[in-house]
Amino acid sequence: MLWTQNAWEAATPATAAFLCQNGHVLDPATTRQCPACGVHDTVMLGEVAGRQQFQCSRCGEPFMFPR
């Protein structure tokens, strides 16, 4: 996982992103860090009672945010 600045044009002048080993550029505002393996290559599956459900694309760990 690589942290990079100004990965794409956005409304703000300095938008940062994570670049995973699979080549995905991820906005940290829309993804969460996997509690099992620590990467940000996660996918939001839905939301239940104000808690977001995610799954890690690397290790497959499901988790909720906030915990």
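Anything mentioned here points back to the structure above.
Conventions used here
Residues numbered from 1 in each chain as written. Predicted model: local features only at pLDDT ≥ 70, side-chain atom pairs only at ≥ 80, totals over all residues. Heavy atoms only, no water. Helix = DSSP H or I, 4+ residues; strand = E, 2+ residues; numbered from the N terminus. Buried < 20%, exposed > 50% of the residue type's maximum accessible area, 1.4 Å probe, protein only. Phe/Tyr/Trp six-rings, centres within 6.5 Å; stacked < 30°, edge-to-face > 60°. Lys NZ or Arg CZ within 6 Å of the ring centre and 35° of its normal. Polar contact = N/O pair within 3.5 Å; in protein donor to acceptor, adjacent residues only side chain to side chain. Contact = heavy atoms within 4.5 Å. Pairing = 2+ DSSP bridges. Axes fitted to C-alpha atoms, helices over the stretch in contact; angles between N-to-C directions.

Here's the deal with the overall build of the chain
Counting its regular elements, the chain contains zero helices and six strands. Reading the secondary structure of the chain in the N-to-C direction produces β-β-β-β-β-β. In the chain, which comprises 67 residues, the proportion classed as buried is 25%.

Examining the packing of aromatic side chains
For the structure on display, the rule yields one aromatic pair. Note on F54 and F63: the rings are 5.5 Å apart at their centroids and 15° apart in plane angle, and the pair reads as stacked. Of the two residues, F54 and F63, neither departs from the other in class, the shared state being buried. We note R32 situated over the ring of F65; from NZ or CZ to the ring centre the distance is 4.1 Å.

As for the side chain of T42
Mapped onto the secondary structure, T42 falls in strand β4 (residues 42-48). Judged by relative accessible area, T42 falls into the buried class, the value being 6%. A distance of 2.7 Å separates the side chain of T42 from the backbone oxygen of R32, its partner in a polar contact. Residues in contact with T42, not counting those within four places in the same chain, are T31, R32, C34, F54, Q55, C56, S57 and F63.

Brief notes about the sheet that holds β4
The sheet built from three strands is open, its strands ordered β4-β5-β6 with antiparallel pairing. Two strands in the sheet have a free side with no partner beyond their single neighbour: β4 and β6 (62-65). Strand-to-strand, the axes of this sheet are offset by a mean angle of 30°, without reference to chain direction. Sheet analysis places β4 next to strand β5 (residues 51-56), joined by six bridges and oriented antiparallel. From the neighbouring strand, T42 faces β5, where its bridge partner is C56.

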